Protein chains: 2
Amino acid sequence: MNWNAISFDWNHVRAFLATVEEGSLSAAARATGQTQPTLGRQVAALEEAIGVTLFERVGRSLTLTTSGAQLVDHVRAMGEAASRISLAASGQSQSIEGLVRISASDVLSVYQLPPVIAQLRDRAPGIEVEVVSSNAISDLLRRDADIALRHIRPEQPELIARKLADSDAYLYATPDYLSRVGNPKVVDDLKAANFIGYGAPDEMLPHFVAMGLPLTRDNIRYHSDSGVVGWHMVRQGLGIGVMSEQVAALTPDIVRVLPDLPPVSFPTWLVSHRELITSSRIRLVFDHLAEMLG
Amino acid sequence: MNWNAISFDWNHVRAFLATVEEGSLSAAARATGQTQPTLGRQVAALEEAIGVTLFERVGRSLTLTTSGAQLVDHVRAMGEAASRISLAASGQSQSIEGLVRISASDVLSVYQLPPVIAQLRDRAPGIEVEVVSSNAISDLLRRDADIALRHIRPEQPELIARKLADSDAYLYATPDYLSRVGNPKVVDDLKAANFIGYGAPDEMLPHFVAMGLPLTRDNIRYHSDSGVVGWHMVRQGLGIGVMSEQVAALTPDIVRVLPDLPPVSFPTWLVSHRELITSSRIRLVFDHLAEMLG
DNA sequence: TCCAATTCATGCATTTATGTATAGGTGATC
DNA sequence: GATCACCTATACATAAATGCATGAATTGGA
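No experiment lies behind these values; they were computed from the predicted model shown.

Chemist: I'd like a description of the relation of the copies chain A and chain B, backed by residues and values.
Modeler: At an RMSD of 0.2 Å, chain A and chain B line up after a rotation of 179 degrees and a shift of 0.1 Å along the axis. When the rotation and shift are considered jointly, the pair of chain copies conforms to a two-fold rotation axis.

Chemist: Explain the packing of helix H5 (residues 106–123) of chain A against helix H10 (residues 280–293) of chain A residue by residue, including any values.
Modeler: Residues and elements named next belong to chain A. It is at 10 Å that the axes of H5 and H10 come closest, and there the two elements cross at 130 degrees. With respect to each other, H5 and H10 are oriented oblique. Viewed along their axes, H5 and H10 form a crossing whose handedness is right-handed. Note on element contacts: H10 touches H5 through Leu 284, Val 285, His 288, Leu 289, Glu 291, Met 292 and Leu 293, opposite Leu 113, Val 116, Gln 119, Leu 120 and Arg 123. Here the contact of H5 with H10 is built from residues that sort into eight nonpolar, two polar and two charged.

Chemist: I'd like to hear about the protein's contact with DNA strand D, residue by residue, with values.
Modeler: Near DNA strand D there are 17 residues, and of these Leu25(A), Ser26(A), Gln36(A), Thr38(B) and Gln42(B) occur at the shortest range. Sugar and phosphate atoms represent 66% of those atoms of DNA strand D found within 4 Å of the protein. The separation between a base nitrogen of DNA strand D and a polar side-chain atom of Gln36(A) is 3.0 Å. A distance of 2.7 Å separates a phosphate oxygen of DNA strand D from a polar side-chain atom of Gln42(B). Counting residues per element, the ones that place at least two in the surface near DNA strand D are helix H2 (25–32) and helix H3 (36–50) of chain A together with helix H3 (36–50) of chain B. Top element by residues in the surface near DNA strand D is H3(B). It accounts for four residues. Residue composition of the surface near DNA strand D, by class: four nonpolar, seven polar and six charged.

Chemist: Outline the sheet that holds strand S6 (residues 159–163) of chain A, listing residues and values.
Modeler: Residues and elements named next belong to chain A. What the five strands build is an open sheet, ordered S4-S3-S5-S13-S6; its pairing is mixed. Two strands bound the open sheet, and with one partner strand each, they are strand S4 (127–133) and S6. Going from strand to strand, the sheet's axes swing by 25 degrees on average, the running direction of each strand aside. The pairing of strand S5 (residues 147–150) with strand S13 (residues 269–273) spans four bridges and is antiparallel. Bridged to Ile 147 within S13 is Ser 272. Strand contacts of H10: strand S3 (98–104), S4, S5, S6 and S13, with the helix running at about 40 degrees to S3, the strand carrying the most contacts.

Chemist: Describe the interface of chain A and chain B, naming the residues involved and giving the relevant values.
Modeler: Each side of the interface is counted separately: chain A has 41 residues, and chain B has 42 residues. Both faces considered, chain A and chain B share a buried interface measuring about 4,000 Å² in area, 66% of it formed by carbon and sulfur atoms. Considering only the side of chain A, the residues that lose the most area to chain B are Trp3(A), Trp10(A) and Ile85(A), jointly responsible for 20% of the buried surface there. Applying the counting criterion to the chain A and chain B interface returns zero salt bridges.

Chemist: Please set out the side chain of Arg281(A) residue by residue, giving values where relevant.
Modeler: Residue and element names in this part refer to chain A. Examined against the element boundaries, Arg 281 turns out to sit in helix H10. The buried charged residue Arg 281 lacks any salt bridge partner; its closest oppositely charged side chain belongs to Asp 146, at an N-O distance of 6.2 Å. In terms of polar contacts, Arg 281 uses its side chain to reach the side chain of Ser 93, at 3.1 Å. With sequence-adjacent residues up to four places away left out, Arg 281 is seen in contact with Ser 93, Ser 95, Ile 96, Glu 97, Gly 98, Leu 99, Val 100 and Ile 127.

Chemist: Which residues make up the pairing of strand S4 (residues 127–133) of chain B, and what values go with them?
Modeler: Residues and elements named next belong to chain B. One ladder, built from seven bridges, connects strand S3 (residues 98–104) with S4; its direction is parallel. Within S4, the position partnered with Gly 98 by the bridge is Ile 127. In this view, the connection linking S3 to its parallel neighbour S4 by way of helix H5 (residues 106–123) has right-handed handedness.

Chemist: How would you summarise the pattern of salt bridges if you had to cite specific residues and measurements?
Modeler: For the structure shown, the criterion picks out 22 salt bridges over all chains. Arg256(A) is the partner of Glu245(A) in a salt bridge, and the nearest nitrogen-oxygen pair spans 3.6 Å. Here Glu245(A) is found in helix H9 (residues 245–249), whereas its partner Arg256(A) is found in strand S11 (residues 255–256), with eleven residues between them in sequence. Linking Arg143(B) and Asp146(B) is a salt bridge whose minimum nitrogen-to-oxygen distance equals 3.8 Å. Each member of the pair, Arg143(B) as well as Asp146(B), is classed as buried. Salt bridges sharing common partners tie together Arg101(A), Arg143(A) and Asp146(A).

Chemist: Can you lay out the protein's contact with DNA strand C for me, pointing to particular residues and giving the numbers?
Modeler: By nearness alone, 17 residues border DNA strand C, and Thr38(A), Gln42(A), Leu25(B), Ser26(B) and Gln36(B) come closest of all. Restricting the count to atoms of DNA strand C within 4 Å of the protein gives a sugar and phosphate share of 62%. One of the side-chain nitrogen or oxygen atoms of Gln42(A) is found 2.8 Å away from a phosphate oxygen of DNA strand C. Take Gln36(B): an N or O atom from its side chain is 3.0 Å from a base nitrogen of DNA strand C. Going through the elements one at a time, H3 of chain A together with helix H2 (25–32) and H3 of chain B are the ones with two or more residues in the surface near DNA strand C. Considering every element that reaches the surface near DNA strand C, the biggest residue donor is H3(A), with four residues. Considered class by class, the residues forming the surface near DNA strand C number four nonpolar, seven polar and six charged.

Chemist: So what about the domain arrangement of chain A? Which residues, and what values?
Modeler: Residues and elements named next belong to chain A. Domain annotation for chain A reports domain 1 (3–92), domain 2 (98–163 + 268–293) and domain 3 (167–264). The centre of domain 2, based on its C-alpha atoms, is set 28 Å off from the matching centre of domain 3. Listed by partner, the interface residues are seven residues for domain 2 and eleven residues for domain 3. Across the interface of domain 2 and domain 3, roughly 670 Å² is buried in total on both sides, 60% from carbon and sulfur atoms. Between domain 2 and domain 3 we count zero salt bridges in total. Taken together, the connections running from domain 2 to domain 3 amount to four residue pairs in polar contact (both at pLDDT 80 or more). In the side of domain 2 that touches domain 3, the residues fall into three nonpolar, three polar and one charged.

Chemist: An account of the nonpolar core is needed here, citing residue identities and associated values.
Modeler: With 60 residues, the main nonpolar core has Trp10(A) and Trp10(B) as its most contacted residues. Counting only elements with at least two residues in this core, the list comes to helix H1 (10–22), H2, H3 and helix H4 (66–92) of chain A together with helix H1 (10–22), H2, H3 and helix H4 (66–92) of chain B. Setting aside its immediate chain neighbours within four residues, Trp10(B) contacts Trp10(A), Asn11(A), Val13(A), Arg14(A), Leu17(A), Met78(A), Gly79(A), Ala82(A) and Met78(B).

So, how was this worked out
- Every chain begins its residue count from 1, and numbering advances along the sequence as written.
- To label them, take the chains in the order written and letter them from A, then take the ligands in the order written and number them from 1.
- Confidence filtering applies because this is a predicted model: local features only for residues at pLDDT of at least 70, side-chain atom pairs given and counted only at 80 or more, and all residues used for totals across whole chains, interfaces and linings.
- Remark: hydrogens and water are excluded; side-chain values derive from all non-hydrogen atoms of the structure.
- Superposition of the copies was done by least squares, using only C-alpha atoms of residues whose pLDDT is at least 70 in both.
- Fitted lines through C-alpha atoms give the axes, limited to the stretch in contact for helices. The angle between two N-to-C directions lies from 0 to 180 degrees.
- Labels follow the DSSP assignment, with helices taken as runs of H or I lasting at least four residues and strands as runs of E lasting at least two, numbered in each case from the N terminus.
- Note on terminology: angles under 35 degrees are roughly parallel, angles over 145 are roughly antiparallel, angles of 65 to 115 are roughly perpendicular, and the others are oblique.
- Crossing handedness is defined as follows: a turn of the near helix away from the far one that is anticlockwise and smaller than a right angle gives a left-handed crossing, while the clockwise case is right-handed.
- Should any heavy atoms of two residues lie within 4.5 Å, those residues are counted as being in contact.
- Classes in brief: Ala, Val, Leu, Ile, Met, Phe, Trp, Tyr, Cys and Pro nonpolar; Asp, Glu, Lys and Arg charged; the others, Gly included, polar.
- Residues are labelled near a given molecule or strand when at least one of their non-hydrogen atoms is within 4 Å of it.
- Polar contact is defined as a pair of N or O atoms within 3.5 Å, subject to the rule that within protein one atom must be able to donate a hydrogen and the other to accept it, and that residues adjacent in sequence are counted only when both atoms are side-chain atoms.
- For two strands to be treated as a pair, DSSP must find at least two bridges joining them.
- Accessible area that two parts lose when put together, evaluated with a 1.4 Å probe and summed over both, is termed the buried area.
- Each salt bridge in this description consists of a side-chain nitrogen of Lys or Arg and a carboxyl oxygen of Asp or Glu lying within 4 Å of one another.
- A 1.4 Å probe rolled over the protein chains alone gives each residue an accessible area, and that area as a share of the maximum for its type sets the label: buried under 20%, exposed over 50%, partly exposed in between.
- In summary, the charge assignment counts Lys and Arg as positive and Asp and Glu as negative, without counting His or the chain termini.
- Handedness rule for crossovers: strands pointing away from the viewer, path from the first strand over the helix to the second running clockwise, crossover right-handed.
- Residue ranges labeled as domains rest on an automatic or database domain assignment.
- For the purposes of this section, nonpolar cores are sets of buried Ala, Val, Leu, Ile, Met, Phe, Trp, Tyr and Cys residues that join through side-chain atoms within 4.5 Å.

This is the structure we're talking about:
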């Protein structure tokens, strides 16, 4: 190894990478938890060290020079290697104490995870749990979380996934609301009903149609990005919503709409990193989730 | 990018890498131009930061833990990315001033390069030249040199090579030595002659045999790793040596042995990095060498 | 068994890098 | 065209890392 060729300050490379990715020194400082003067000096020092002008100081912002742009790929590769080091290091941790981050949809996070975590507390009191409640598919490759619960099968080979039991989802509403729309008995009776949408109505509608419901865009008048908010709209008697059987069972004063309508079955996958799962702490949480939810 | 995951000190990764590659903190300190306490503290800080014990302090030396060993691949990848940054940065340099390192065999370095460099001085006075004189094939991928002169075609796709003119090598000796062995006229007359070997005799002998010479191990009594030393042995009348026509022409009082013997033809390749050759400084030296030696 | 060589660990003075505060500029917006 | 929001550059006090000198421990060989 020619140590002389790589004797420049590697932290300055990270400063350059952050500046490129975030778009400015100030943004990079915010993202990395450093200060703008530090980032500025580090980038300037890197330019001095490798003899390449990386940014053109034009106006209030920096733009990559062509020379700088040709280094970006290698700089990214270095950052990715650093990420893998961090990942593998976390996977090496055999400590039964410490943080584990679990990403799940808000509905899962609110209704199903808390009791599971309560049991985990009894099994492994030293484990700290952070629930990353998001309906966006969290990027495990970016390490937004250590473990994720998803309803689609992950494709990346770096991830390992365990399929949990399939869940059945039905239509639910309050008895009060159902009587208000004339106690529907067949699907055609739902044409005048209100449906609660989770996320954008245009994304929700095809799912309702696939269930055989004769609905249009106008049937989805109330909607929310949050599944929990949507479910509370249902509980409030604002309309009919889809929900998994398990969650609905936890909710009093909610009845199934058209009980003869076949359910929508959907899978749940427990996902983690191939390298992270070697950590006994994460492995323990992973196995616990699989046992309790599977 | 999850900056939090890669917020450990990247220089400490280099310290770890150097310690792994060099085998000890002290050796790593020597190799990287730092001090042993610094390296020791950096490795300890990295262990603290990523929560993994990298080395087992046993006796006077360090041995990698299994956890540490599983990080080494990623750490090497980071180092290689750093090397590529350095390489690409050098290639981006459009300065006509600065250092260019040329690797060549000692014979080329001593007899043929100096006049070529003298002409280069007139063409580009700002260029500093370091001649890495070595008969080992220098590792351009490790950046032991910027440009190399070789007699075998490089295979790595990262390297670019330009073929120079083929050279003819003949047998040479002093007239004094030839008369001492009876002025040989045909190859069989050489059976009793001494041959000068460059490098190990066992490596040299097959080349002589390939030339049709009836020699054995015993014919090579004087040899040296250095081609220059070997050639001076020939000049001193210690035996017969192989030398390229061009170099022999520079040497007075040396005559060709068996002038009718067909020459051994060998190629010369001018080699550099694909990314380095984009530097105008290195490009200039590369082209100058090609012109003067081609 | 003793000695020499080599290794890692530690205390201290010095150098270096960092953060805070602030100044100087630029571009978008009303 | 003035204002606002946002960016980069600089001065200075503070915090951190580095190198030097030295100590302690171990290995290999005479």
